[in-house]
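Chains, contacts and geometry: an overview
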Amino acid sequence: MGEIFGMPVQVLMGQLAIGLINGSFYALLSLGLAIIFGLLNVINFAHGAQYMLGAFVAWMLLHYLGIGYWPALLLAPLIVGAIGILMERFMIRKLYHVDHVYGLLLTFGIALILQGLFLNMFGVSGQRYPTPDALRGMVDLGFMFLPIYRGWVIVASLAVCLLTWFIIEKTKLGAYLRAATENPELVRAFGINVPVLITLTYGAGVALAAFAGVMAAPVYQVSPIMGAEIIIVVFAVVVIGGMGSLLGAIVAGFGLGLVEGLTRVFYPEASSVVIFLVMAIVLLLKPSGLFGQAR
Amino acid sequence: MMRIALFVALVILAIIAPFFVYPVFLMKVFVFALFASAFNLLLGYAGLLSFGHAAFFGTGSYITAHALKVWGFPFEMGLLAGVVASTALGVLFGLIAVRRLGIYFAMITLALAQMMYFVYLQAPFTGGEDGIQSVPRGTLLGLVDLRSDLNLYYVVLAISLAGIFCIYRIVKSPFGQVLRSIGQNPDRSVSLGYSISTYKLAVYIMSAAFSGLAGALLVVVFQLASLDEVNWHMSGEVVLMTLVGGVGTLLGPIVGAAVIVTLQNYLAEVGQWVLVIQGSIFVIIVLAFRKGIVGELSDPESWLRTTLRRVGMRSPGPGPSARPGEAVDLGQARQPVRSGD
Amino acid sequence: MGIELMTDQLLRVENLHARYGESKVLHGLSFSVDRGEVVTLLGRNGAGKTSTLRALMGILPTRDGSILFDGKEIIGLPSNRIARLGMGYVPEERGIFGSLTVAENLVLPPVVRSGAMSLDEIYTLFPNIKERSKSRGTHLSGGEQQMLAMARILRTGAHFLLLDEPTEGLAPIIVHAIADVIKALKARGATILLVEQNFRFASTVADRHYVVEDGRIIDQLANDEIKMNPEKIESYLGIEVEHRRKEASHG
């Protein structure tokens with residue numbers, strides 16, 4: 001086999017594939033954050049905890065009810081999204097009239113509570129979630145063997161991201177969302193129930209996080225701390241992509257996953273900080289982020 | 001006047017306290033009181049929510065620990081090394097972060113601090129998961145042996161109070177006045193011709209310096225520098241202390257630090273429930289008591305007003321008026337006290 | 001149906017109070033608009049005209065008094081419910097969404113009543129909108145944005161239109177076009193409440209005028225009066241006064 005920059009192709013490609021998988025989760029999570037932020041003006045700190053919740057709901061469905069991966073892929077986002085809707089209705093809503101940082105602090109508190117509850121129930125060590133039968137095994141790409149499940153994660157995440165983008169940019173529902181992001185008062189005066197739209201949007205963003213959690217369950221261990229680890233990286237991804245830009249969230253998500261993968265090949269010591277470094281550089285060069293509008 | 005009298009009373013109480021309470025516990029309270037006061041300088045007066053203050057706290061503790069243990073610095077120089085390092089980091093982060101406001105600022109500072117966490121996790125001198133252990137305390141000016149908890153107590157008390165007093169002076173200075181006007185009404189401050197970024201950068205660096213001092217002191221007290229001090233969780237804790245005590249008040253961070261440190265002491269056995277309890281405190285404070293303990297107690301009028309409004313009576317007299325379009329619906333209005341964007 | 005027999009009022013406002021946060025902006029406003037009428041609210045800047053429209057539409061949440069619309073009390077309703085009763089709002093800043101195309105802007109508000117204008121009718125009335133349907137809403141000129149904002153409401157079938165300073169900042173030729181649109185709407189049976197500073201424009205389209213000052217109605221004028229006696233309205237609007245002040249400051 002050949003080499004690229006002194007690296008065996010398989011090693012390089014393997015790391016790039018892992019980078020794309022991480023990137024899938026970054027993209028799904030930052031997309032949800034961006035949608036929520038656009039309409040609610042709230043940075044949803046609980047997003048990581050909701051991602052973790054998605055993975056655990058899938059795990060619990062399997063272990064307590066015997067419900068497998070495919071139904072869980074639909075059920076877990078619905079369940080966690082419904083929990084999110086309750087959170088919005090009874091807590092987050094009360095903070096729309098005060099400074100936006102309170103939304104961040106509230107959701108941070110919620111994240112701590114969720115993480116603490118699951119640590120009590122399950123401890124720090126992760127639970128294993130089996131790969132669904134249909135997606136076991138490897139596929140030979142010629143230059144490398146790719147586990148089928150990992151390929152599925154990349155394809156399905158990309159599809160869900162693009163579908164979400166399409167709904168928001170190209171449909172009537174998306175037009176309501178974009179308009180309400182600009183001027184909620186006026187959209188409501190046109191006869192649209194904006195408070196319900198806001199609640200459903202939060203629920204949808206949370207459901208995206210839970211979907212990512214289910215996708216992640218067979219890849220990583222299902223662990224109470226999986227959300228806290230990823231959410232800070234996702235914040236950096238969102239800042240790099242440009243707050244409020246959906247395309248920015250998707251592109252930055254996958255792109256930074258790749259950057260992280262490449263770093264792991266060439267300079268592994270820096271792989272855990274490279275995204276933060278990129279963020280610092282982007283902020284110095286273009287403070288509004290790669291795809292963001294100055295504001 | 002009342003506040004100064006109260007403050008003096010508290011100082012006297014602090015002097016006799018170690019004869020009744022475990023000094024190490026008290027020192028921890030003072031260290032965190034200083035840390036929270038430094039944090040409050042930023043949030044309470046300039047309206048900037050930093051979610052990454054652990055970076056400065058941890059830098060102060062790691063550099064001081066290394067200076068005392070490996071370089072053999074005397075106590076004073078060890079502290080200074082920690083403060084200088086955290087100040088330098090403050091300059092660096094400040095240049096990156098202060099251009100973005102509000103929640104962006106919070107996210108960026110959190111991410112930068114997380115980067116420092118990984119740096120300290122991997123850097124050869126920090127001892128990774130073990131941290132830097134058995135850091136020597138040394139002596140004060142070569143005279144006072146700090147191995148005695150009681151001796152150290154008074155030194156830590158004096159330094160913490162001096163730090164808090166400095167912060168108080170900063171708040172009361174003309175510089176502090178400008179800061180407050182920036183925090184409350186950024187648009188007006190622009191028209192008054194202040195360079196907001198410069199002021200914000202300055203206060204961010206000051207806050208970093210005092211946070212570093214607190215981290216340095218913590219190392220001397222516990223003779224240990226560890227990843228706990230640079231973890232995002234530490235950044236959250238200092239936010240919690242300040243919120244609980246009262247954002248934008250002098251005594252608030254001190255009270256908040258005392259409450260949270262005490263709570264941690266009692267909750268040491270309940271394990272992960274600490275997270276649940278801390279999270280619940282966050283939720284309750286943010287939803288119901290945004291002024292914190294000191295804020296609610298020292299402002300009886302406002303307390304009364306909110307209570308009156310809750311039972312459905314309109315309070316008479318003029319109040320803070322919002323501009324058209326602000327108080328209406330989605331997140332347009334500002335809290336009169338601290339504004340983050 | 002007693003109310004309908006007694007009067008042909010579409011809107012009856014009594015003792016309307018409203019506030020922004022803690023500051024009161026409307027202090028007991030009372031007026032009415034008959035079915036098929038075009039009525040203007042005249043007044044100086046800050047008199048409470050825009051606030052009146054926003055209170056009617058339910059955008060100002062803290063309001064008090066009585067608003068009977070089509071025989072139904074709407075003071076307690078949220079703005080989305082009020083819109084569904086057939087009240088359409090064109091705000092002063094026009095409210096064209098920059099993240100939506102012209103076509104998306106046009107069809108954004110849901111149809112609330114039968115008898116709404118079809119897209120074909122709208123494109124006949126506003127030919128520019130069709131040409132530019134793929135552009136971003138905010139890439140239109142000010143006049144085109146105003147046309148779009150009005151067209152958007154016509155498509156919903158709202159039969160009571162609140163227009164806030166539709167001529168503000170527009171060239172005379174566009175002001176003429178807007179006057180034509182308003183006349184066409186009136187001919188179709190729409191009822192219009194118009195906020196205007198430009199009373200010359202108002203007098204070309206309106207049947208009656210209310211004068212608003214300090215959040216109250218201080219006078220009511222028929223359109224003939226305004227044409228016969230422009231000084232009176234000028235003094236209400238402070239035009240003379242400002243004129244003199246300017247002269248004084250020059251001298």
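Residues numbered from 1 in each chain as written. Chains lettered and ligands numbered in written order. Predicted model: local features only at pLDDT ≥ 70, side-chain atom pairs only at ≥ 80, totals over all residues. Heavy atoms only, no water.

1. Comments concerning the overall build of chain B
For the record, the criterion: Every helix listed is a DSSP run of H or I at least four residues long, and every strand listed is a run of E at least two residues long, numbered separately from the N terminus. Think of it in three bands: residues with accessible area under 20% of the maximum for their type are buried, residues over 50% are exposed, and the middle band is partly exposed, with areas taken using a 1.4 Å probe on protein chains only. By definition, residues are in contact when any of their heavy atoms lie within 4.5 Å. Methods summary: accessible areas were calculated by the Shrake-Rupley approach with a probe of 1.4 Å, and residue burial reflects only the protein chains presented.
Tallying secondary structure elements over chain B gives 14 helices and 2 strands in all. Looking at chain B as a whole, 55% of its 341 residues are labelled buried. The long-range share in chain B, meaning contacts at least 24 apart out of those at least 6 apart in sequence, stands at 74%. Accessible surface for chain B amounts to roughly 14,300 Å². Of this, 67% is attributable to carbon and sulfur atoms.

2. Notes on helix 1 (residues 9–40) of chain A
Stated formally: For a helix, the expected span equals 1.5 Å multiplied by the residue count minus one.
Taking 1.5 Å per residue, 32 residues should reach 46 Å; helix 1 of chain A reaches 45 Å between its end C-alpha atoms and fits that length. Backbone geometry just after helix 1 of chain A places A:Asn41 at a positive phi near 60 degrees.

3. Describing the packing of helix 2 (residues 23–46) of chain B against helix 11 (residues 252–267) of chain B
All names here are of chain B. Stated formally: Think of each axis as a best-fit line through the C-alpha atoms, taken over the contacting stretch in the case of a helix, with angles from 0 to 180 degrees between the N-to-C directions. Just so you know how the angles are binned, under 35 degrees is roughly parallel, over 145 roughly antiparallel, 65 to 115 roughly perpendicular, and the rest oblique. Two helices cross in a left-handed way if the nearer one is turned anticlockwise from the farther one by less than a right angle. They cross in a right-handed way if the turn is clockwise. Classification convention: Asp, Glu, Lys, Arg as charged; Ala, Val, Leu, Ile, Met, Phe, Trp, Tyr, Cys, Pro as nonpolar; all other residues, Gly among them, as polar.
As a packed pair, helix 2 and helix 11 sit with axes 8 Å apart at the nearest point and diverge in direction by 135 degrees. Considering the angle they form, helix 2 stands oblique to helix 11. Crossing of helix 2 over helix 11 shows right-handed handedness. Residues Phe 25, Lys 28, Val 29, Phe 32, Ala 33, Ala 36, Ser 37 and Asn 40 of helix 2 pack against Pro 253, Ile 254, Ala 257, Ala 258, Val 261, Thr 262, Gln 264 and Asn 265 of helix 11. Partitioning the contact of helix 2 with helix 11 into residue classes produces 10 nonpolar, 5 polar and 1 charged.

4. Focus on the sheet that holds strand 1 (residues 9–20) of chain C
In sheet architecture, strand pairing relies on hydrogen bonds along the backbone and comes in two forms, parallel and antiparallel. Residue and element names in this part refer to chain C. Keep this limit in mind: Any two strands with at least two DSSP-identified bridges between them are counted as paired.
In spatial order, the strands read 2-1-4-5; together these 4 strands make up an open sheet with antiparallel pairing. A single partner strand is all that each edge strand has here, and the edge strands are strand 2 (23–34) and strand 5 (72–73). Where strand 1 lies against strand 2, 9 bridges are found, and the strand directions are antiparallel. Looking across to strand 2, one finds that Gln 9 is bridged to Asp 34.

5. Digging into a nonpolar patch on the surface
Residue and element names in this part refer to chain B. Put simply, the rule is: Here the term patch refers to residues with relative accessible area over 30% and no salt bridge, with like charges joined within 9 Å and nonpolar side chains (Val, Leu, Ile, Met, Phe, Trp, Tyr) within 5 Å. Salt bridges are defined as contacts in which a side-chain nitrogen from Lys or Arg sits within 4 Å of a carboxyl oxygen from Asp or Glu.
Taken together, the side chains of Leu 6, Leu 10, Leu 13, Ile 15, Ile 16, Phe 19, Phe 20, Val 21, Tyr 22 and Leu 150 define a hydrophobic patch exposed on the protein surface, amounting to about 990 Å² of accessible area. It is helix 1 (residues 2–16) that contributes the most residues to the nonpolar patch, 5 residues altogether. Tracing the sequence through the fold places Phe 20 in the loop between helix 1 and helix 2.

6. Examining the confidence of the model for chain A
Basically, it comes down to this: The predictor rates its confidence in each residue with pLDDT, a number between 0 and 100.
Residues of chain A with pLDDT of at least 70 account for 97%, and the chain-wide mean is 89. Summarising per-element confidence for chain A, the mean pLDDT is lowest in strand 1 (residues 3–4) of chain A (66) and highest in helix 8 (residues 194–216) of chain A (95).

7. Some details on the pattern of salt bridges
On inspection of all chains with the given rule, the structure shows 12 salt bridges over all chains. In this structure, A:Arg264 engages A:Glu260 in a salt bridge whose closest nitrogen and oxygen atoms are separated by 3.8 Å. Of this pair, A:Arg264 and A:Glu260 both sit in helix 10 (residues 246–266), 4 residues apart, which is roughly one turn of that helix. When the shortest N-O distance is used, the salt bridge between C:Arg12 and C:Glu14 registers 2.6 Å. Overlapping salt bridges, with partners in common, bring together C:Asp8, C:Arg35 and C:Asp70 in one network.

8. Side note on the interface of chain A and chain B
Which entries qualify depends on this criterion: Under the rule applied, a polar contact is a pair of N or O atoms within 3.5 Å (in protein, one hydrogen donor and one hydrogen acceptor; residues adjacent in sequence only if both atoms are side-chain atoms).
On the side of chain B, 47 residues touch chain A, which itself brings 51 residues to the contact. On the surface where chain A and chain B come into contact, there are 1 residue pair in polar contact (both at pLDDT 80 or more). Only helix 1, helix 4 (101–122), helix 7 (184–189), helix 9 (226–241) and helix 11 (274–285) of chain A provide two or more residues apiece to the side of chain A that touches chain B. The class makeup of the residues in the side of chain A that touches chain B is 36 nonpolar, 9 polar and 6 charged.

9. Regarding the sheet that holds strand 3 (residues 38–43) of chain C
Residue and element names in this part refer to chain C. Read across the open sheet, the 6 strands follow the order 6-7-8-3-9-10; overall the sheet is mixed. The open sheet has two edge strands with one neighbour each: strand 6 (87–90) and strand 10 (216–222). Averaged over all pairs of adjacent strands, the angle between strand axes in this sheet comes to 20 degrees, irrespective of strand direction. In the sheet, strand 7 (residues 160–164) pairs with strand 8 (residues 191–196) via 5 bridges, with the strands oriented parallel. Each residue of the ladder has a partner; that of Phe 160, found in strand 8, is Thr 191. Against the sheet, helix 8 (residues 172–187) engages strand 3, strand 7 and strand 8, with an angle of about 155 degrees to strand 8. Of the strands in this sheet, strand 3, strand 9 (208–213) and strand 10 touch helix 11 (residues 230–237), which is tilted by about 160 degrees from strand 10.

10. Looking at the confidence of the model for chain B
The predicted model of chain B has a mean per-residue pLDDT of 78, with 83% of residues at 70 or higher. Note that pLDDT drops below 50 for residues 313–341 of chain B; the model gives that stretch 67 contacts with residues more than four away or on any other chain.

11. Focus on the pairing of strand 8 of chain C
Residues and elements named next belong to chain C. Counting buried positions over the 6 residues of strand 8 gives 6, a clear majority of the element. The side-chain alternation of strand 8 yields two buried faces, one formed by Thr 191, Leu 193 and Val 195 and the other by Ile 192, Leu 194 and Glu 196. Relative to strand 8, strand 3 runs parallel, the two being bridged by 5 bridges. Its bridge partner being in strand 8, Thr 40 is matched across the sheet by Leu 194.

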